[in-house]
Every structure is written in structure tokens, then in C-alpha cells.
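Results of the structural survey
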Amino acid sequence: MDHSTTIHQVFTTLLFTFCHTTYSQNIKDIPSVFPSRLKPPGLNSPDKLWWAKEITPDFHVCGRLSEHNIKMAKDAGFKSILSLFTYPAGDPDGDFGGDSLPTTEKEEKIVSETVGLQFINLLEPMDEWADVDTIKKFTAIVPKLKKPALLRCDRGYTITFVTLLYLANQTRHDPKFVPKINSKALYEIASSMGLDFYSRIPMETVSEVTGEPSPDKNQQALLKPQFDPGDWLDYWFAHAVYRNWFIAGQIEKSHISPLKQFMYRSVINLRKGLQHNDVNSQEEVNLLNIKSKTGTYGYGSIVKPRQNLERLLDNVIDESLSNDFISESSPYNFEIQNTKEFGDEIGYNEQLERKAMMDSGLEYHHLPLGDLNELEDFFLHNEKRLKEIGKLGPVLVHCSDGSRAAYVSVLAAALQYDLSLAWALQRLKEMGFGVAADSNPVVFLTYKKYLGEFIKTQHSDL
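Residues numbered from 1 in each chain as written. Predicted model: local features only at pLDDT ≥ 70, side-chain atom pairs only at ≥ 80, totals over all residues. Heavy atoms only, no water.

1. Examining the overall build of the chain
Scanning the chain for helices and strands turns up 15 helices and 14 strands. A globule of 462 residues ought to have a C-alpha radius of gyration of about 23 Å, and the chain, at 23 Å, matches this closely. Once the C-alpha set of the chain is aligned to its principal axes, its extents read approximately 70 × 60 × 45 Å. Looking at the chain as a whole, 55% of its 462 residues qualify as buried. Partitioning the intrachain contacts of the chain with sequence separation of at least 6 by distance along the chain shows that 72% fall at a separation of at least 24. Only carbon and sulfur atoms are counted for the fraction: they give 52% of the accessible area of the chain, which is about 20300 Å². Considering the chain, the positive charge centre built from 49 side chains and the negative charge centre built from 61 side chains are found 3 Å apart. (Helix = DSSP H or I, 4+ residues; strand = E, 2+ residues; numbered from the N terminus. Rg over C-alpha atoms; globule rule 2.2 N^0.38 Å. Buried < 20%, exposed > 50% of the residue type's maximum accessible area, 1.4 Å probe, protein only. Contact = heavy atoms within 4.5 Å. Areas by Shrake-Rupley, 256 points an atom, 1.4 Å probe, with all protein chains shown as cover. Lys, Arg positive; Asp, Glu negative; His and termini not counted. Charge placed at Lys NZ, Arg CZ, Asp CG, Glu CD.)

This is how it looks when you write it as C-alpha cells:
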């Protein structure tokens with residue numbers, strides 16, 4: 001070990017000790033409207049299910065699903081899928097960027113027979129989603145619902161409303177129920193998720209369920225979400241960060257045209273390219289029924305590359321699944337390649353995504369961040385560029401599972417809008433990426449370097 005390395009380690013230790021002494025808090029001390037949201041979105045597989053938003057550990061919400069999304073939900077560990085709405089058999093399948101979104105009858109067959117999860121459809125076509133009867137129906141079905149459950153509607157908005165009202169109703173009538181949610185918490189949680197419940201839902205229903213008066217919509221203290229684009233939820237996969245900043249895990253080819261259609265201006269890709277720091281560096285691509293985080297490359301003659309058949313067979317998640325889990329003609333019950341997410345025969349191929357993005361007309365920026373140890377250096381080289389991109393309009397930042405995107409986007413938003421370190425730490429925790437001095441000093445110290453002490457004006461609006 002050379003002297004410069006030793007000096008750097010000593011300096012880092014002293015800096016961390018000072019930081020830890022000054023900020024004795026850990027993650028549990030940081031306020032959050034989500035007291036139980038302690039890990040990233042996606043249940044057991046953030047790479048595959050980064051778009052599933054956790055309300056409680058038992059209930060996660062999302063929009064309308066493709067067959068591939070449903071199968072990814074199986075891999076992530078969900079036990080059931082609940083559809084709020086009915087999509088009649090006589091109607092055509094839905095469409096999202098060319099991906100087919102099955103009707104209720106087809107979805108039930110995929111979920112129950114092909115995937116092997118419980119499927120529940122809550123409402124009939126003529127039922128009203130925003131009234132007390134819907135909460136009663138949801139409450140009646142919860143004891144039968146296998147958990148953890150993935151709850152869905154068209155864009156994740158209405159099912160979030162129903163789920164939060166269920167929690168509020170249980171809070172009111174069951175003293176032992178947790179987590180406890182009152183009317184104020186319901187609106188704050190929705191705002192934290194980027195959802196406007198002040199102007200788009202019948203507030204009298206909330207008042208009837210909670211027994212509390214409706215808030216005054218004109219109160220300045222209300223946490224009304226303000227995002228650009230205003231209808232950002234049309235691309236429901238994204239997680240809202242602040243104003244024009246959004247994050248995602250690995251987006252699919254089918255997502256590109258909706259992103260353009262729904263008025264996103266720029267996409268920032270933080271995933272490594274074919275090489276990173278002059279080393280072959282393709283990241284993994286998601287494969288159905290194959291474990292993640294096992295490494296893309298092999299090790300000489302001892303360990304084969306991840307997408308080698310022998311290695312795939314060793315990393316199957318559920319050997320009991322039939323080959324129909326992949327397709328009627330598949331020779332295996334797992335995927336060997338995933339071109340939907342820009343995969344090739346090795347792993348994720350950034351050049352394939354780059355071409356698709358450039359062809360679409362979206363502003364595309366490849367700013368690779370290898371891991372969080374590079375975060376400070378990343379901002380040293382990219383702070384100015386991030387600010388310039390942010391000024392152009394709505395930005396979607398993505399990586400493999402949303403984690404690197406979250407740490408970059410929250411700091412970028414704080415720098416663009418002069419937000420405090422306290423705001424940034426709270427926002428990260430609310431999104432499931434909590435950071436504190438004692439849990440993730442590398443990220444914490446980078447944030448502290450750029451945002452300073454806890455003395456800036458706290459911005460409460462979203």
C-alpha cells in the first residue's frame with residue numbers, strides 16, 4: 001500500500017468521524033411519510049420490478065401490466081396480483097408502446113395458469129372506484145389476498161387511492177392496526193409519490209372514510225405535487241423525484257415512444273457501456289426465471305459467462321415452472337436473452353439503447369456511474385451538465401434498478417432548485433433509498449459536500 005492511499009484512508013476516516021459526530025442520526029432518525037419503507041422498490045428483485053411502488057411491505061402498486069411484466073412479478077416474489085378494473089373480453093387488448101396489455105380474462109389465465117400466482121379482479125365494469133363501496137369490497141378481499149400482493153389499475157393512481165383509504169379505514173376502526181394512516185398522512189403519502197389527491201379525487205370520500213374534515217384546497221401549507229410533465233403518470237413506470245426529475249430502472253424498447261409522447265425531454269443513462277475505465281463492463285440483463293446479481297462474465301475455465309447455458313441452468317429461480325412460462329415453443333423454462341431491455345448474448349448492451357434513443361429524437365445522455373464509490377467524482381465532472389439538462393425540461397434518469405438514478409437525481413434536483421441536505425436525505429428515504437452518515441458514508445459525504453449543512457431553507461413543496 002503506498003503513502004497516498006494510506007493518507008486518503010486516514011482522511012476519509014477522520015472526515016467520516018467528524019461527519020458522524022456532527023450528524024449522529026441514522027436512517028431511522030430521518031423523517032418520512034413512509035415509516036415502513038426501508039428498502040428500494042421491487043420487493044426481492046429491484047432489477048426486475050423497480051417500477052412497483054411500495055405502500056406497505058404487503059401492498060405494492062403499479063399500472064397495467066404486459067405478460068412479461070407479470071412474469072417478472074413472479075420472479076420478484078409476489079404471491080398475488082389484484083386488478084382494480086375489469087377489461088371485458090370483447091374489448092381489444094391495451095397497448096403500451098407496442099406491448100400488448102391483456103384483457104381481464106387473458107390476464108387471469110396468464111397469472112393463474114402460466115405464472116402460478118393468485119389473481120383477483122375487484123370491480124365490475126360499471127362499479128365506481130372512488131366511493132366507499134369500493135373500500136368495503138377491498139377490505140373484504142384483503143384476508144383472502146396472498147401477500148405480498150401487487151395491486152394495479154391503469155396507471156397506479158386509483159389503486160393507490162383505494163389502498164390508502166383501506167389503511168385509513170382500518171386505522172379508524174381497529175386500534176391495533178398498523179401502519180396507522182389518518183387523512184393528513186394519506187394526502188402526504190400521495191404527494192410524496194407525485195400524485196395529486198387534492199384536485200383529482202372526491203375529497204368527501206376521504207372525509208367519510210376517515211371521519212375527518214376535508215383539507216382546504218387553498219391552504220398554502222398543503223404538499224401539492226408540482227411536476228413537469230403534469231401528466232407524468234402516463235409513463236407510470238417512473239418514480240417522481242422533484243419537479244422535472246424522474247427515475248427508472250432499466251427501461252424497455254417499448255417505453256421509448258411513450259416517453260416521447262408524454263413530453264419527456266431527456267433521458268440520462270447511468271449504466272456502464274461495453275467498457276468502463278478500459279475494462280469490459282457489460283452489466284447483467286434481466287432474464288426471466290434467472291437469478292440476478294450473479295455477474296456477467298466468467299472466470300477463466302472455472303466459471304462460465306452468465307448467459308452460458310450451463311451457468312443459466314445453475315441459476316434458475318423456480319425449477320418447477322413449465323417451459324410455457326417463457327413461451328409455448330421454448331425449450332427451457334427460463335430466458336436465455338432479453339432483447340426487450342437491450343440485451344445481447346453477453347448482457348446489457350448500451351449501444352443498442354443508444355441507437356434506439358437517438359432514432360426516437362429524445363435527448364440521450366450516457367453518463368456511466370460504475371458504482372456509488374464513484375459518486376463524488378461523477379458530480380465533479382457532470383454537475384454543470386446535469387444542471388444544463390435539467391433546465392431543458394423533464395428528465396428521466398435510469399440505471400439497472402433505480403438506485404444509482406435515485407442518488408444522482410435527488411442531488412441534481414437539489415442543486416438545480418437550491419434544496420437543502422435535510423430535504424435530500426428525507427426524499428431519498430421516502431423513495432426507499434435511505435442514506436445517513438452511519439449507513440452509507442460515501443453517498444452521505446458527497447451530498448454533504450454539495451449541499452452543505454442543515455441550514456438551507458427547507459422546501460416542503462413537491
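2. Points about the packing of aromatic side chains
One pass over the full model with this rule turns up 26 aromatic pairs. Consider the rings of tryptophan 129 and phenylalanine 161, whose centres lie 5.5 Å apart with planes at 90 degrees: the pair is edge-to-face. You can see tryptophan 129 sitting in the loop between β6 (118–121) and α5 (132–141) and its partner phenylalanine 161 sitting in helix α6 (residues 157–173), a full 32 residues away along the chain. Here the two residues tryptophan 129 and phenylalanine 161 agree in accessibility, since each one is buried. Taking 5.7 Å as the distance between ring centres and 45 degrees as the angle between the ring planes, the aromatic pair formed by phenylalanine 227 and phenylalanine 246 counts as tilted. (Phe/Tyr/Trp six-rings, centres within 6.5 Å; stacked < 30°, edge-to-face > 60°.)

3. Re the side chain of histidine 60
Structurally, histidine 60 is set in strand β2 (residues 59–62). For histidine 60, a relative accessible area of 1% puts it in the buried group. Side-chain polar atoms of histidine 60 contact the backbone oxygen of proline 57, separated by 3.2 Å. (Polar contact = N/O pair within 3.5 Å; in protein donor to acceptor, adjacent residues only side chain to side chain.)

4. Details of the sheet that holds strand β8 (residues 239–242)
Within a sheet, each strand pairs with its neighbour through backbone hydrogen bonds, oriented either parallel or antiparallel. Across the sheet, which stays open at both edges, the five strands sit in the order β8-β9-β14-β10-β13 with mixed pairing between neighbours. Every interior strand has two partners, whereas the edge strands, β8 and β13 (363–366), have only one. Within the sheet, the average angular offset between the axes of one strand and its neighbour, ignoring direction, is 25 degrees. Pairing of strand β10 (residues 266–269) with β13, which is carried by four bridges, proceeds in the parallel orientation. Across the sheet, the residue bridging to valine 267 is tyrosine 364, located in β13. Contacting β10, β13 and β14 (395–398), helix α11 (residues 350–360) runs over the sheet at an angle of about 160 degrees to β13. Helix α12 (residues 375–392) contacts β9 (245–248), β10, β13 and β14 of the sheet and is inclined by roughly 150 degrees relative to β10. (Pairing = 2+ DSSP bridges. Axes fitted to C-alpha atoms, helices over the stretch in contact; angles between N-to-C directions.)

5. Description of the packing of α12 against helix α15 (residues 441–451)
One can describe the packing of α12 onto α15 by two numbers: an axis separation of 9 Å at closest approach and a directional angle of 35 degrees. Where α12 approaches α15, its residues Leu375, Glu376, Phe379, Leu380 and Glu383 are matched on the opposing element by Val443, Thr446, Tyr447, Lys449 and Tyr450. When the residues that make up the contact of α12 with α15 are grouped by side-chain class, the tally is six nonpolar, one polar and three charged. (Nonpolar A, V, L, I, M, F, W, Y, C, P; charged D, E, K, R; others polar.)

6. What about α6?
Taking 1.5 Å per residue as the helical rise, α6 with its 17 residues ought to reach 24 Å, and the 25 Å between its terminal C-alpha atoms agrees with that figure. Within α6, 15 of the 17 residues are buried, which leaves the element mostly enclosed by the surrounding structure. (Expected span 1.5 Å × (residues − 1).)

7. Regarding the nonpolar core
Judged by nonpolar contacts, the single largest core of 93 residues is most densely connected at Trp51, Leu150, Phe197 and Tyr235. Of all the elements, α6 adds the most residues to this core, at nine residues. Every residue in contact with phenylalanine 197, bar those within four places of it in the chain, is listed here: Tyr157, Thr160, Phe161, Leu164, Leu186, Tyr187, Ala190 and Met203. Grouped together as the second largest cluster of nonpolar side chains are 44 residues, Ile30, Leu369, Trp423 and Leu445 included. (Core = buried A, V, L, I, M, F, W, Y, C linked by side-chain atoms within 4.5 Å.)

8. Points about the pairing of β14
Side chains of β14 alternate between two faces, with Val395 and Val397 and Leu396 and His398 buried alike. In the sheet, β9 pairs with β14 via four bridges, with the strands oriented parallel. Residue pairing for β14: alanine 248 is matched across the bridge by histidine 398. Across four bridges, the pairing between β10 and β14 is parallel. For valine 267, the partnering residue across the bridge sits in β14 and is leucine 396.

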